[in-house]
Amino acid sequence: MTSSMRRDSSPWRADTALIWTLRLLAAAAAGIVLLILVFLLIESIPALRTIGLVRFFSDASWYPLSDRFNMAPMMAASLLVTVGAIALAIPLGFGSALFCRYYAPRWIAGAYRRMIEVLAGIPSVVFGFWGLVVLVPLVTHSLIAGILILALMILPTVALIADASLARVPEELIHGSAALGLTRWGMIRRVILPAARCGLMTSVILAVARAIGETMAVLMVCGNVVQMPKGLLDPVRTLTANIALEMAYATDTHRSALFVSGLLLMVIVGLLIAMAEWISKGRIYA
Amino acid sequence: MSTQESREVGRPWFPLKEGPPCCERSPVLEVESLSLAYDGDFAFKDVTISINRGCITAIVGPSGCGKTSFLMSLNRLSDLLGGCKVSGSVRYEQEDVRENKVDVISLRRRVGMIFQKPNPFPLSIRKNLTFPLWEHGIRDAQQVRTKVEESLRDVGLWDEVKDRLDASAQALSGGQQQRLCLARALALKPEVLLLDEPCSALDPIASGVVEDMIADLRGRYTVIVVTHNLAQARRIADDVAFFWVQDGAGRLIETGTARQVFEHPEHELTKAYVSGQRG
Amino acid sequence: MPDGVSRQGQHHRIREMLAVTCIWATAIVVSLTFGWILLDLLRHGLAHLSWAYLVESPSDAGRSGGIAPIIASTFLIVAVCMSIAVPIGIGTALLLAEYSVARSRFGRFVRRSLDALAAVPSIVFGLFGSTLFCIYLGMGFSILAGGLTLACMVLPIFIRTAEEGFRSVPDEYRRGAAALGISRSATLFKIIMPSAMPALVAGFVLGIGRALAETAALIFTSGYVDRMPESLFDSGRAMSVHIYDLAMNVPGGGKSAYRTALVLVAILLLINGSASWLMHRWVRHGAT
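Residues numbered from 1 in each chain as written. Chains lettered and ligands numbered in written order. Predicted model: local features only at pLDDT ≥ 70, side-chain atom pairs only at ≥ 80, totals over all residues. Heavy atoms only, no water.

Across its full length, chain A carries 12 helices and 2 strands. From first element to last, N terminus to C terminus, chain A shows the α and β order α-α-β-β-α-α-α-α-α-α-α-α-α-α. Relative to the 2.2 N^0.38 estimate, which gives 19 Å for 286 residues, the radius of gyration of chain A is 25 Å and therefore markedly larger than a compact globule would have. For chain A, the spread of C-alpha atoms along the principal axes amounts to about 85 × 70 × 35 Å. The burial tally for chain A puts 54% of its 286 residues in the buried class. At a minimum sequence separation of 6, the contacts of chain A that also span at least 24 residues come to 71%. If you sum the accessible surface of chain A, you get close to 12500 Å²; carbon and sulfur atoms cover 67% of it. Separation of charge centres in chain A, based on 22 positive and 14 negative side chains, amounts to 7 Å. (Helix = DSSP H or I, 4+ residues; strand = E, 2+ residues; numbered from the N terminus. Rg over C-alpha atoms; globule rule 2.2 N^0.38 Å. Buried < 20%, exposed > 50% of the residue type's maximum accessible area, 1.4 Å probe, protein only. Contact = heavy atoms within 4.5 Å. Areas by Shrake-Rupley, 256 points an atom, 1.4 Å probe, with all protein chains shown as cover. Lys, Arg positive; Asp, Glu negative; His and termini not counted. Charge placed at Lys NZ, Arg CZ, Asp CG, Glu CD.)

What follows is the structure, given as structure tokens:
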């Protein structure tokens, strides 16, 4: 009887220890986002209880020191800045992706893609600073300044993700349409873009999520006046900038109200990501 | 003295080299009604076979009839495959390998496996050999050095690589890599060797060298070779097992000595396959 | 040729030309803007930039002097961040890449959480970090709090890159090791991790890049103090925060802000460049 085949001193003890350690680490990593939600909720509750959800939209405006907590002007600002930035970034971003894939000679495409990657790595505070010293003198602290800077910042996101989804379009589709005599633009418009539709939509959604969450750049160029914007040249304050500006000195209810706005941001971005995930039916690389 | 005890005394364990070319005709592995299914699809069904000690058994048949899966179930590598269900029994030295209380690590040391595509680790040649030894508790520097040289000599690689033992194993040619994998398994002093189409990824010359090596193992090790190369099977096998797909699963059609199967096959299918009419 | 076809042909040709023009125009506009930013940064940043800038302390609220303590603080914050993120990240990536538990409910939960974490806006991290680390755990404004908060932000990126690295290690190594009776842990540590090293380093470098670019989260966790930090519990100012402060709170701070911005962007370019180079090397050599 070969006792050496019995599972006595199994090196698998190390394996068991390992997998439990890994499980612990993974649980820690997974738990962070839950922790964030929990903290946001805990800190938001005082405001929700004292102020009540309705007043966040019905008060006169946002004068926290006089107990007025209407977030609507800031939400509108966030929304408009985002919409404007997306309106600019989509054509520029998709155009860049198409340029790299189908129109540019190889070395130019490579250099261009590298440039976009560099653009993607520039910190938001540098964009904001540049906007402050170069753009703002031209268009004043305003909504349009925010839109332009934000468009510049989310352009790489759109371009790189769109580029990746264009790359996934099967070659046979392209060869087939070429064989049918389609022109380059015809092919793009009728075959390639529809085929890459999922990925392109994902790129837009992720860019929107990034735009809504952006703080520093809009803080530095938009003027930070709490008001409903009536024109592109009006200074505005986004929800994110608001938190950044007032966190330092906010107390009690005011501070709690800021957490409410943070919670709102997280929920909105969360919904966007869920939408993107649902569209691309799986993991997406945010 | 039983083989178990002789091993413990530390004598080199090559008892049959002086004996007749093969074999004791005593079964070392007894497989009974073995079946393996992946998520419901049977790779092979109901295989019953005895593998004889010290002999080279060739498993032949066209691709897709479960030969590789069969090999993998013998050293329980099938445990690694998700959704894999195995039924039946595999008795190695009178003990059913598939029971839960079996030490799989020890099993896999004693039943070594070589894969179709040579898979040396991304380490130096020396490390490829010392790493498994280390993991199995053989850490004495002198012992390790001896085993490394022994195994490399055994596969004819020593003279070719003795000056560059610290070079990357992946810089070797395909044939050398496969021989290194063989040496790596031999260093653990297995009793049975499972070879899954060891020559099919190699060029003809390397293939010939590896084949000669395998033939040389006769008597010292029990070897089970899966091959779709009938000529190779003719050259080296003592026993042959013929697999074929029937009813959507691989089945063992016929088994016997090489002479029996190749010259006087009993089953129609076997006859057709070995004469090249089918397959 | 019938009239219809030649008119179609013209129609298509005009469309094509329009498309080509628009696409090239897009590329040119983007390139020019990028060039504008870069040149602006270079022109103003290089003026009065010297090696002294990197080793002196700031004076006059940062308008003159150097940024040595700020570089030190930044380095410490990033060091804290990565020393937390790397072990947790590698562990999680290993679990997701190598074990079948990755397909279980726990595994899918981990993935979803990480995707969600990757999307959290940075200001929310600031809120979270300041509440958990500065207040509840009593660290106050400190480099430690900043580093911990950044670790949370960097984790998803690092895990994603590390996981890809592990997945790309050929399966044959795992099978070969299993056939030799080598334990899972030995296989992971001695064969798979070394193989995946280029990807791990690339992920590490990308993580550092993300940490360096972060501002909003740091303002509320590591603070504004621009003195040389003496311990991890000291408050410290990161480069990104310094740029912000000079731009918004210090009149006339623009020149110094340009210089810091240039240094920061240069470091980031170096870092991202080496990450790309490592990825390429990994793709070319790792597969063999």
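Taken together, the 25 residues of chain B in the interface contact 16 residues of chain C. Here Lys190(C) makes a salt bridge to Glu135(B), at a shortest N to O gap of 3.2 Å. At the level of secondary structure, the elements contributing two or more residues to the side of chain B that touches chain C comprise α3 (104-110), β6 (111-114), α4 (125-135) and α7 (174-186) of chain B. Per element, the largest residue contribution to the side of chain B that touches chain C is 4 residues, and it comes from α4(B). (Salt bridge = Lys/Arg side-chain N within 4 Å of Asp/Glu carboxyl O.)

Attention now goes to the side chain of Thr238(A). All names here are of chain A. Its location among the elements puts Thr238 in the loop between α10 (216-221) and α11 (239-246). One polar contact links the side chain of Thr238 to the main-chain amide nitrogen of Ala241, over a distance of 3.2 Å. Excluding anything up to four places from it in sequence, Thr238 contacts Met74, Ala77, Ser78, Val81 and Val218. (Polar contact = N/O pair within 3.5 Å; in protein donor to acceptor, adjacent residues only side chain to side chain.)

With 94% of its residues at a pLDDT of at least 70, chain A reaches an overall mean of 86. In this model residues 1-11 of chain A is a low-confidence stretch, pLDDT under 50, and it forms 28 contacts with partners more than four residues away in sequence or in other chains. (pLDDT = per-residue confidence, 0-100.)

Once that is clear, we can look at the pattern of salt bridges. Counted according to the given criterion, the structure contains 25 salt bridges over all chains. The residue Asp163(A) makes a salt bridge to Arg101(A) at a minimum N-O spacing of 3.1 Å. With Asp163(A) in helix α6 (residues 143-167) and Arg101(A) in helix α3 (residues 72-103), this residue pair connects regions lying 62 residues apart in the sequence. Accessibility expressed as a relative area gives 35% for Arg101(A), which makes it partly exposed. Between Arg179(B) and Glu160(B) there is a salt bridge, with its nearest N and O atoms 3.3 Å apart. Of the two residues, Arg179(B) sits in helix α7 while Glu160(B) sits in helix α6 (residues 158-161), which places them 19 residues apart along the sequence. The buried category is assigned to Arg179(B), whose relative accessible area is 9%. Exposure remark for Glu160(B): the relative accessible area of 35% places this residue in the partly exposed category. Through salt bridges that share partners, Arg101(A), Arg113(A) and Asp163(A) make up one connected network.

Turning our attention to the interface of chain C and chain A. The interface is formed by 83 residues belonging to chain C together with 82 residues belonging to chain A. Overall, the association of chain C and chain A removes approximately 6800 Å² of surface from exposure, summing both partners, and the carbon and sulfur fraction of that is 79%. Of all residues in chain C, Ile23(C), Phe34(C) and Leu127(C) bury the most surface against chain A, accounting for 9% of the area lost on that side. At the boundary of chain C and chain A, one finds 1 salt bridge. (Buried area = accessible area lost by both parts, 1.4 Å probe.)

All names here are of chain B. Judged from the 8 bridges that link them, strand β1 (residues 27-38) and strand β4 (residues 84-92) form a sheet pairing that is antiparallel. Within β4, the residue paired with Leu36 across the bridge is Val86. Note that β4 and strand β5 (residues 95-96) share 2 bridges and pair antiparallel. Bridged to Tyr92 within β5 is Glu95. (Pairing = 2+ DSSP bridges.)

The next thing to look at is the nonpolar core. Counting residues in each nonpolar core, the largest one holds 231 residues, and the members touching the most others are Ile36(A), Phe121(B), Leu152(B) and Phe166(C). Three or more residues apiece are contributed to this core by two domains, here domain 1 (2-47) and domain 2 (55-287) of chain C. Ignoring sequence-local partners within four residues, the contact set of Phe121(B) consists of Asn128(B), Phe131(B), Ala169(B), Gln170(B), Arg184(B), Tyr173(C), Gly176(C), Ala177(C), Leu180(C), Ile182(C) and Ile191(C). (Core = buried A, V, L, I, M, F, W, Y, C linked by side-chain atoms within 4.5 Å. Domains from an automatic or database assignment.)

Scanning the model with the defined rule gives 14 aromatic pairs over all chains in all. Between Trp62(A) and Phe69(A), the aromatic rings sit 5.7 Å apart at their centres with planes inclined by 80°, giving edge-to-face as the arrangement. Considered together, Trp62(A) and Phe69(A) belong to a single accessibility category, that of buried residues. Linked through ring pairs, Phe39(A), Phe128(C), Phe133(C) and Tyr136(C) together constitute an aromatic cluster. Stacked on the ring of Phe42(B), the Lys or Arg Lys45(B) has its end atom at 4.4 Å from the ring centre. One Lys or Arg, Arg184(C), reaches over the ring of Tyr99(C) and ends 4.5 Å from the middle of that ring. (Phe/Tyr/Trp six-rings, centres within 6.5 Å; stacked < 30°, edge-to-face > 60°. Lys NZ or Arg CZ within 6 Å of the ring centre and 35° of its normal.)

A separate point is the pairing of strand β2 (residues 41-52) of chain B. The side chains of a regular strand alternate, first on one face of the sheet and then on the other. Residues and elements named next belong to chain B. Judged from the 8 bridges that link them, β1 and β2 form a sheet pairing that is antiparallel. If you follow Pro27 over to β2, its bridge partner there is Asn52. Taking the residues between adjacent antiparallel strands as the criterion, β1 and β2 are bridged by 2 residues, where Asp39 takes a positive phi near 45°.

All names here are of chain C. Splitting chain C by domain gives domain 1 (2-47) and domain 2 (55-287). Once you take the C-alpha centre of each, domain 1 and domain 2 turn out to be 37 Å apart. Across the contact, 7 residues belong to domain 1 and 5 residues belong to domain 2. Looking at the side of domain 1 facing domain 2, the largest losses of area belong to Leu41, His44 and Gly45, adding up to 68% of the total buried there. At the junction of domain 1 and domain 2, the tally comes to 2 residue pairs in polar contact (both at pLDDT 80 or more). In terms of residue class, the side of domain 1 that touches domain 2 is made up of 4 nonpolar, 2 polar and 1 charged. (Nonpolar A, V, L, I, M, F, W, Y, C, P; charged D, E, K, R; others polar.)

Residues and elements named next belong to chain B. The backbone of Lys189 sits at a positive phi, close to 55°, despite the residue not being glycine. Mapping Lys189 onto the fold places it in the loop between α7 and β7 (192-196). Residue class for Lys189 comes out partly exposed when judged on its relative accessible area of 25%. Phi at Asp247 is positive, roughly 55°, even though this residue is not glycine. Along the chain, the position of Asp247 falls in the loop between β9 (239-246) and β10 (249-257).

Below, the discussion takes up the environment of Gly140(C). Residues and elements named next belong to chain C. Along the chain, the position of Gly140 falls in the loop between α5 (122-136) and α6 (143-167). Judged by its relative accessible area of 26%, Gly140 is partly exposed. With residues near it in sequence (within four places) discarded, Gly140 still touches Phe133, Cys134, Ala145 and Thr221.

Residue and element names in this part refer to chain C. End to end, α6 covers 35 Å across 25 residues, agreeing with the expected 36 Å (1.5 Å per residue, within 8%). Of all the bends found along α6, the most pronounced is centred on Val154 and spans about 40°, while Pro156, a proline, follows it within four residues. Counting buried positions along α6 yields 23 of 25 residues, so the element is predominantly enclosed. (Expected span 1.5 Å × (residues − 1). Bend = angle between axes of the 7 residues up to and from the residue.)

Okay, the state of the cysteines next. All names here are of chain B. According to the stated counting rule, one finds 0 disulfides over all chains in the structure shown. Note on Cys84: no disulfide assigned, nearest cysteine sulfur contributed by Cys65 at a separation of 17 Å. We note that Cys199 lacks a disulfide partner, and the nearest cysteine sulfur, in Cys181, lies 13 Å from it. Its relative accessible area of 8% is what places Cys199 among the buried residues. (Disulfide = S-S within 2.5 Å.)

So, on to helix α10 (residues 239-248) of chain C. Summarising burial for α10(C): 9 of the 10 residues are buried, a large majority. Of the residues making up α10(C), those classed as buried are Met239(C), Ser240(C), Val241(C), His242(C), Ile243(C), Tyr244(C), Asp245(C), Leu246(C) and Ala247(C).

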